[in-house]
Number of protein chains: 4
Amino acid sequence: MSTRRLEAFTDGVFAIAATLLILDVHERGGGSLGHQLGHAWPSYLAYAVSFVSIAIAWANHHTMLELVRGADRTFLLLHGIFLMLIAFIPFPTRLIAEHVRGPGLGAAAIAYGITLTATAVLFNAIWFYAAHGRRLLREDCDPRTVSGITRSYLPGPWIYLGTTLLALWSPVASVLLFAAITLFWAFESSLFGRSG
Amino acid sequence: MSTRRLEAFTDGVFAIAATLLILDVHERGGGSLGHQLGHAWPSYLAYAVSFVSIAIAWANHHTMLELVRGADRTFLLLHGIFLMLIAFIPFPTRLIAEHVRGPGLGAAAIAYGITLTATAVLFNAIWFYAAHGRRLLREDCDPRTVSGITRSYLPGPWIYLGTTLLALWSPVASVLLFAAITLFWAFESSLFGRSG
Amino acid sequence: MSTRRLEAFTDGVFAIAATLLILDVHERGGGSLGHQLGHAWPSYLAYAVSFVSIAIAWANHHTMLELVRGADRTFLLLHGIFLMLIAFIPFPTRLIAEHVRGPGLGAAAIAYGITLTATAVLFNAIWFYAAHGRRLLREDCDPRTVSGITRSYLPGPWIYLGTTLLALWSPVASVLLFAAITLFWAFESSLFGRSG
Amino acid sequence: MSTRRLEAFTDGVFAIAATLLILDVHERGGGSLGHQLGHAWPSYLAYAVSFVSIAIAWANHHTMLELVRGADRTFLLLHGIFLMLIAFIPFPTRLIAEHVRGPGLGAAAIAYGITLTATAVLFNAIWFYAAHGRRLLREDCDPRTVSGITRSYLPGPWIYLGTTLLALWSPVASVLLFAAITLFWAFESSLFGRSG
């Protein structure tokens, strides 16, 4: 089975999940509209971090799928679960934006972190399933490209898991670290451009 | 008429219907945010079951359309009704998540079941319309593939109808069986991979 | 300019507008959930009529674009306005579903009718712009196909305008006629299949 | 890396952002439904201006991408930020529609203006990154086309910035100028068709 329609469905879910994030950006607090808009900066930041996270995941998925020659049913099933997690991101993003100044930030950060950790785990599962014994890879894939991608994907779940657990100690530090990781990955991949 | 743009419209509706499901995942009950998030597990489960159901329907549709050489207006009309039912799924999914602990679960399960049963009926109607006398099938289709697909699609409406009727006796059993059917189909098709 | 990306954008707007309709289907009234779901039948009917209307417009657009060899900026501008009207349909659909039993049905039916009339006018404008002097048509278009399409599109705006004006006299008759027109066009095009 | 899947993701975000605008069109004020619908005209106007703005940005993006032979990671990153801003447009659009008759119009117009100014800045950044030393341009691009595009894109951010600053003096004038700019660009590009 070719990957063409899988790409169409995947691109659709990524684009919709990213665009739906705007539905949870709202004015906050009281006073004049200018005051409310200023008060809502955590909403904008949460929107930006999640949008860029989804865009990075999309770009990485794009790079990966260019090495894959076709899909089988297990590959599709793993994609179904992966996309289910991508489409879940707007929910914990809203939780963080709403609870950033309250006692719920810890729970919100953990919900956000679990979602991103699970997304990274599934991303690795898709890649390992395709790359194990070169099961679904194109004939002409350079083995060094394959092992380079494997190395660059492996730390993702651990980094997200660590940042999630950090929320048990300091929710604010956890949330700031999620933003910093996103910023780092966005610039690292564009400045150095070799990690996949 | 080629099926290329039908695929684009279909992939769009599937991807949007699946991604819109997240709009109905909410915190529930009172207490701390952590407590509310724990209390909301039926929302997560309903989200996951419906997302995976839509993804399976998409994968089956994908498999079917690869055997079809072109569309006529009746084929398009049947698709219009089929997609109308796919796009309806978020509504009864929300009903189940909201009424899982209340007296409305029976009505919610019946609404969910009628939607899935009708979806499966239309899926069969599309296939039988295309396959009858090989009306819209590719020249090079293996007759055994065609009859294998026919056999694998036929039980779907009856299984969903039975699970729907079960809600008259026990709404909880009906809902659990819908989840189990989805899980079974997800794994069966990926482990054995021959049923279409 | 080729029409390939115009198709992608157009298919996207059609698919999203149709799928967003579900966000306005709600339980209505009081009592048990079963009672509320039964009471909400106008929501289901409005959902179905608008979904099928959008699907028919999509199929007609599909047929038309197969005759077009390329787009210029005016053609794109007309499409922008056409898609703006297609994406508007969920709003008056919700008005009809909410006001079907109240004194607002007349205003709702007129809002719905103006939207559909304007959509049909723009559809004709796109076609006449492309077909005038065969400005954007493929070289190999059969002149009889072109004039057949022209004849089949022309009555659309007048039929919708008449049905809209009927709401001034009887809102219920107007709404029923909109449903009947949709049903007729869905079946007529699939049963006879020659009007485009 | 080819631009094919970037187009798919981009078309998706544009189409969804434009179609989501309808979710913020509501009846306003009291009285009969007809009165409320008449009172809501700023919602319709804001919907139309933003929908057409997004459609124009899409058409310009389309024209630009036809000159680009491929994407690198920086090009993707710039697109990520650009699409994040496009998908943000529904939020300040709603603010303008809601505050058009109140004291918040100034803040709403500034929020709208900042969003459009930033969008135009990113659009220029994408183009200059691709065109600088012909980094990502097709071999067969006419240098005069390239410098013509550069000239036609450059004023965009300054025009939007000026219109935004106008809101400090007169919010109403600023909002009317945004509508006039959109109208002008829609017709200018379709009537003269050479600027972008």
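Cut-offs used in this document
- Residues numbered from 1 in each chain as written.
- Chains lettered and ligands numbered in written order.
- Predicted model: local features only at pLDDT ≥ 70, side-chain atom pairs only at ≥ 80, totals over all residues.
- Heavy atoms only, no water.
- Helix = DSSP H or I, 4+ residues; strand = E, 2+ residues; numbered from the N terminus.
- Rg over C-alpha atoms; globule rule 2.2 N^0.38 Å.
- Buried < 20%, exposed > 50% of the residue type's maximum accessible area, 1.4 Å probe, protein only.
- Contact = heavy atoms within 4.5 Å.
- Least-squares fit on C-alpha atoms with pLDDT ≥ 70 in both.
- Expected span 1.5 Å × (residues − 1).
- Buried area = accessible area lost by both parts, 1.4 Å probe.
- Salt bridge = Lys/Arg side-chain N within 4 Å of Asp/Glu carboxyl O.
- Polar contact = N/O pair within 3.5 Å; in protein donor to acceptor, adjacent residues only side chain to side chain.
- Nonpolar A, V, L, I, M, F, W, Y, C, P; charged D, E, K, R; others polar.
- pLDDT = per-residue confidence, 0-100.
- Core = buried A, V, L, I, M, F, W, Y, C linked by side-chain atoms within 4.5 Å.
- Patch = residues over 30% accessible without salt bridge, like charges linked within 9 Å, V, L, I, M, F, W, Y side chains within 5 Å.
- Areas by Shrake-Rupley, 256 points an atom, 1.4 Å probe, with all protein chains shown as cover.
- Phe/Tyr/Trp six-rings, centres within 6.5 Å; stacked < 30°, edge-to-face > 60°.
- Lys NZ or Arg CZ within 6 Å of the ring centre and 35° of its normal.
- 1 Å grid on protein atoms, 1.4 Å probe; cavity = no way out; pocket = protein on both sides within 12 Å on 5 of 7 lines; lining within 4 Å.
- Points joined across faces, edges and corners; volume = space filled by probe spheres on them.

**Student:** Can you tell me about the overall build of chain A, naming the residues and giving the values?
**Tutor:** When helices and strands are tallied, chain A shows nine helices and zero strands. For chain A, whose C-alpha radius of gyration is 18 Å, the value lies close to the compact-globule estimate of 16 Å for 196 residues. If you line up chain A on its principal axes, its C-alpha atoms span 65 × 35 × 30 Å. Counting over 196 residues, chain A shows a buried share of 62%. Within chain A, contacts between residues at least 6 apart in sequence are counted, and of these 73% link residues at least 24 apart.

**Student:** Mind laying out the relation of the copies chain D and chain A, listing which residues take part and the relevant values?
**Tutor:** For the pair chain D and chain A, the relating rotation is 90°, the translation along its axis is 0.0 Å, and the fit reaches an RMSD of 0.0 Å. Considering both components of the superposition, the chain copies are consistent with a four-fold axis. Of the residues that chain D buries at the interface, just 9% are likewise interface residues in chain A, meaning the two copies contact each other through different surfaces.

**Student:** An account of the relation of the copies chain A and chain B is requested, with residue identities and associated values reported.
**Tutor:** Least-squares fitting of chain A to chain B yields an RMSD of 0.0 Å, with the superposition described by an axial translation of 0.0 Å and a rotation of 90°. With a heterologous cut-off of 20% or less, the 9% of interface residues of chain A that recur at the interface of chain B puts this contact in the heterologous class.

**Student:** Go over helix H1 (residues 4-20) of chain C with me, naming the residues and quoting the values.
**Tutor:** Over its 17 residues, H1(C) extends 24 Å from the first C-alpha to the last, a length consistent with the 24 Å expected when each residue adds 1.5 Å. Counting buried positions along H1(C) gives 15 out of 17 residues, so the element sits mostly inside the fold.

**Student:** Tell me what's going on with the interface of chain A and chain B, and back it up with residues and numbers.
**Tutor:** Reports of interface size often rely on the accessible area that becomes lost once the parts have come together. Between chain A and chain B, the contact holds 32 residues from the first and 35 residues from the second. Between chain A and chain B, a total of about 2,900 Å² is buried, with carbon and sulfur atoms accounting for 72% of that surface. At the boundary of chain A with chain B, the tally comes to two salt bridges. With a shortest N-O distance of 3.2 Å, Arg94(A) and Glu27(B) are connected by a salt bridge. In this structure, the connection of chain A to chain B is made through four residue pairs in polar contact (both at pLDDT 80 or more). Put simply, the parts of the chain that give the side of chain A that touches chain B at least two residues each are helix H1 (4-20), helix H4 (73-86), helix H5 (90-99) and helix H6 (105-131) of chain A. Top contributing element to the side of chain A that touches chain B by residue count: H1(A), with ten residues. In terms of residue class, the side of chain A that touches chain B is made up of 21 nonpolar, six polar and five charged.

**Student:** Summarise the interface of chain D and chain A; cite the residues concerned and give the values.
**Tutor:** Tallying the contact residues gives 32 residues for chain D and 35 residues for chain A. Interface of chain D and chain A: buried area, both sides summed, is about 2,900 Å²; carbon and sulfur atoms make up 72% of it. Of all residues in chain D, the largest losses of buried area upon contact with chain A belong to Arg5(D), Phe9(D) and Arg73(D), amounting jointly to 31% of the total for that side. Where chain D touches chain A, the interface holds two salt bridges. The salt bridge involving Arg4(D) is made with Glu7(A); its shortest N-O contact spans 3.2 Å. In this structure, the connection of chain D to chain A is made through four residue pairs in polar contact (both at pLDDT 80 or more).

**Student:** Quick one: what's the story with the arrangement of the chains, residue by residue and with numbers?
**Tutor:** Between chain A and chain C there is no contact, and the shortest C-alpha to C-alpha distance separating them is 9 Å. Spatially, chain B and chain D are disjoint, and the shortest separation between their C-alpha atoms is 9 Å.

**Student:** Can you explain the confidence of the model for chain A? Please cite residues and give values.
**Tutor:** Per-residue confidence for chain A averages 90 on the pLDDT scale, and 95% of its residues sit at or above 70. Predicted complex metrics record ipTM = 0.89 and pTM = 0.91.

**Student:** Talk me through the nonpolar core; I want residue IDs and the actual numbers.
**Tutor:** Residues Phe75(A), Phe75(B), Phe75(C) and Phe75(D) are the most contacted members of the largest nonpolar core, which totals 276 residues. Setting aside anything within four residues of it in sequence, one finds Phe75(C) in contact with Leu6(C), Leu65(C), Val68(C), Ile126(C), Tyr129(C), Ala130(C) and Leu136(C).

**Student:** Describe the pattern of salt bridges, listing the residues and the values that go with them.
**Tutor:** As enumerated under the stated definition, the model contains 20 salt bridges over all chains in all. Ionic pairing is found between Arg94(D) and Asp24(D), a salt bridge with its closest N-O pair at 3.8 Å. Taken together, the residues Arg94(D) in helix H5 (residues 90-99) and Asp24(D) in the loop between helix H1 (4-20) and helix H2 (33-39) connect sequence positions 70 residues apart. Here the two residues Arg94(D) and Asp24(D) agree in accessibility, since each one is buried. What emerges from the salt-bridge pattern is a single network uniting Asp24(A), Arg94(A), Glu98(A) and Glu27(B).

**Student:** Any details on a nonpolar patch on the surface? Residues and values, ideally.
**Tutor:** Together, Trp158(A), Leu161(A), Leu165(A) and Leu168(A) make up an exposed nonpolar region whose accessible area comes to about 480 Å². Take Leu161(A): it is sitting in helix H8 (residues 155-169).

**Student:** Pulling in residues and values, what's your account of the packing of aromatic side chains?
**Tutor:** Taken as a whole, this structure holds 52 aromatic pairs over all chains when the rule is applied. Consider the rings of Phe9(B) and Trp58(C), whose centres lie 4.6 Å apart with planes at 20°: the pair is stacked. Placement of Phe9(B) in helix H1 (residues 4-20) and of Trp58(C) in helix H3 (residues 41-65) is noted, with the two residues assigned to different chains. Per residue, the accessibility class of Phe9(B) equals that of Trp58(C), and both read buried. Here Tyr47(C) and Phe51(C) contribute two aromatic rings whose centre-to-centre distance is 5.8 Å and whose plane-to-plane angle is 45°, an arrangement assigned as tilted. Of this pair, Tyr47(C) and Phe51(C) both sit in helix H3, four residues apart, which is roughly one turn of that helix. For the pair Tyr47(C) and Phe51(C), a shared accessibility class is recorded, and that class is buried. Among the aromatic side chains, those forming a connected cluster through ring pairs are Phe14(A), Phe82(A), Phe123(A), Trp127(A) and Tyr153(A). If you follow Arg135(B) out to its NZ or CZ, it ends over the ring of Tyr129(B), 4.1 Å from the centre.

**Student:** Which residues make up the layout of surface pockets, and what values go with them?
**Tutor:** Considering only enclosed or pocket space, the largest pocket measures out at about 880 Å³ in volume. Looking at the lining of the largest pocket, the elements with two or more residues in it are H1 of chain A, H1 of chain B, H1 of chain C together with H1 of chain D. Counting residues per element, the lining of the largest pocket draws most heavily on H1(B), at nine residues. The residue inventory of the lining of the largest pocket, partitioned by class, reads 13 nonpolar, four polar and 16 charged. Its volume calculated, the second largest pocket comes out at about 630 Å³. If you go around the second largest pocket, you meet 28 residues; those closest to its centre are Leu23(A), Leu23(B), Asp24(B), Leu23(C) and Leu23(D).

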